[in-house]
Amino acid sequence: MHIEIETKRLKYELVIKGKYSVIQGDSGNGKTNMCRLLQQRLTGDKTIKISCKIPVVTLASFDDGSRLKNVQNSVVVLDENYKILLEPDAASILKDSDNYFIILYRKNLDFLPLCVENLYEMHTNGRGHWLQQKYTVSGIKDFRGIKHIVTEDRVSGFEFFQDYFNIYVTSANSKSEIITHLQHFIDIDPKYNDILIVYDAAAFAYQNKPANINTMHSNPNCA
């Protein structure tokens, strides 16, 4: 989905996909100001132009989710200090809504099922603002050199690869243990680079340790 928010001084051009998109990044790159512009638009400010195939809105910072029930088929932009994100049932409130959400958050929103491809950083050259994916998905399709498969689960995924692939298969037992499992192989041999990791991308966006491992060591093949 392509979104443009523009004034005489500023322009935001966002390309997102999926129900949830999270924008991270340091202070001063325009994230919070984008919410301010949307708040001004709610007051009837016609100098702010918004281009998107569906409405792009925000909520009042003090809203606990009550007013979200009146918003449908829209892109809702939320800043990290908004009360709705601090509610104990924030995950359920967003899940039950038929809207798309762009959430500006410096830390991790572990309660959201966020795909790695939907985690962004905002960049700016002054007037212009745009998004870049925080992590690069390589899309490697040739796995002929793979000698070891690590699965996230120990049930269906593990059993499938163990039964149908003539490759050594082990399970990390859970998402949180994948990095520890991978680190074990790298500790044995820093040049170990023929591992295929099978995981659920929609639950892995905030597991950022793989990037650190790849920086320090050789780059394992992951999928």
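Look a little higher up for the structure.
Residues numbered from 1 in each chain as written. Predicted model: local features only at pLDDT ≥ 70, side-chain atom pairs only at ≥ 80, totals over all residues. Heavy atoms only, no water.

## Concerning the environment of I84
Item 1. In this fold, I84 is placed in the loop between β6 (75-79) and α2 (90-95).
Item 2. Separated by 22 residues in sequence, I84 and F62 have C-alpha atoms that sit 7.5 Å apart. (Helix = DSSP H or I, 4+ residues; strand = E, 2+ residues; numbered from the N terminus.)

## Some points on the packing of aromatic side chains
Any aromatic ring pair is given by two values, namely how distant the centres are and how the planes are angled relative to each other.
Item 1. Throughout the structure, instances matching the rule amount to five aromatic pairs.
Item 2. Judged by centre distance (5.4 Å) and plane angle (40°), the rings of F160 and Y164 are tilted. Of this pair, F160 and Y164 both sit in helix α3 (residues 156-164), separated by four residues, roughly a single helical turn.
Item 3. In textbook terms, an aromatic cluster arises when at least three aromatic residues are bridged by ring pairs, as seen for F160, F161, Y164 and F165.
Item 4. Here R154 stacks its cationic end above the ring of F158, 5.1 Å away from the centre of that ring. (Phe/Tyr/Trp six-rings, centres within 6.5 Å; stacked < 30°, edge-to-face > 60°. Lys NZ or Arg CZ within 6 Å of the ring centre and 35° of its normal.)

## Overview of unusual backbone geometry
Item 1. Despite not being glycine, N73 has its phi angle at roughly 45°, a positive value.
Item 2. Relative to the assigned elements, N73 resides in the loop between β5 (56-58) and β6.
Item 3. The class of N73 is partly exposed, set by a relative accessible area of 42%. (Buried < 20%, exposed > 50% of the residue type's maximum accessible area, 1.4 Å probe, protein only.)

## Quick word on the environment of K175
Item 1. The topology assignment puts K175 in the loop between β11 (168-171) and α4 (178-188).
Item 2. It is 7.5 Å that separates the C-alpha atoms of K175 and Y199, two residues lying 24 residues apart in sequence.

## Brief notes about the sheet that holds strand β10 (residues 148-151)
Item 1. With parallel pairing, the three strands of this open sheet are ordered in space as β11-β10-β12. Each of the sheet's edge strands pairs with one partner strand only, and the pair in question is β11 and β12 (195-198). The sheet shows a mean angle of 20° between the axes of neighbouring strands, taken without regard to direction.
Item 2. Where β10 lies against β12, four bridges are found, and the strand directions are parallel. Along β12, the bridge assignment pairs V150 with I197.
Item 3. The strands that α3 touches are β10, β11 and β12; relative to β11, the one it contacts most, it runs at about 170°. (Pairing = 2+ DSSP bridges. Axes fitted to C-alpha atoms, helices over the stretch in contact; angles between N-to-C directions. Contact = heavy atoms within 4.5 Å.)

## A few points about the sheet that holds β5
Item 1. Strands sit in the order β4-β1-β2-β9-β8-β3-β7-β6-β5 across an open sheet of nine strands; the sheet is mixed. The two strands at the open ends of the sheet, each matched to only one other strand, are β4 (49-51) and β5. Between one strand axis and the next, the sheet turns by 25° as a mean value, whatever way the strands run.
Item 2. Of the strand pairs in this sheet, strand β3 (residues 20-24) and strand β8 (residues 119-124) are connected by three bridges, and their pairing is parallel. Residue pairing in the sheet places Q24 in a bridge with E121 of β8.

## Section: the pattern of salt bridges
Item 1. With the rule as written, the count across this model stands at four salt bridges.
Item 2. Among the salt bridges present, the one from E6 reaches R127, with a minimum N-O distance of 2.9 Å. Of this pair, E6 sits in strand β1 (residues 2-6) while R127 is found in the loop between β8 and β9 (128-133), placing the two residues 121 residues apart along the sequence.
Item 3. Of the residues examined, E6 reaches a relative accessible area of 25% and is grouped as partly exposed.
Item 4. Residue K17 is joined to E117 by a salt bridge in which the shortest nitrogen-to-oxygen separation is 3.3 Å. In this pair, K17 is assigned in the loop between β2 (11-15) and β3 and E117 in the loop between β7 (100-104) and β8, connecting sequence segments 100 residues apart.
Item 5. Accessibility expressed as a relative area gives 25% for E117, which makes it partly exposed. (Salt bridge = Lys/Arg side-chain N within 4 Å of Asp/Glu carboxyl O.)

Purely spatial values, then, with no claim about function.
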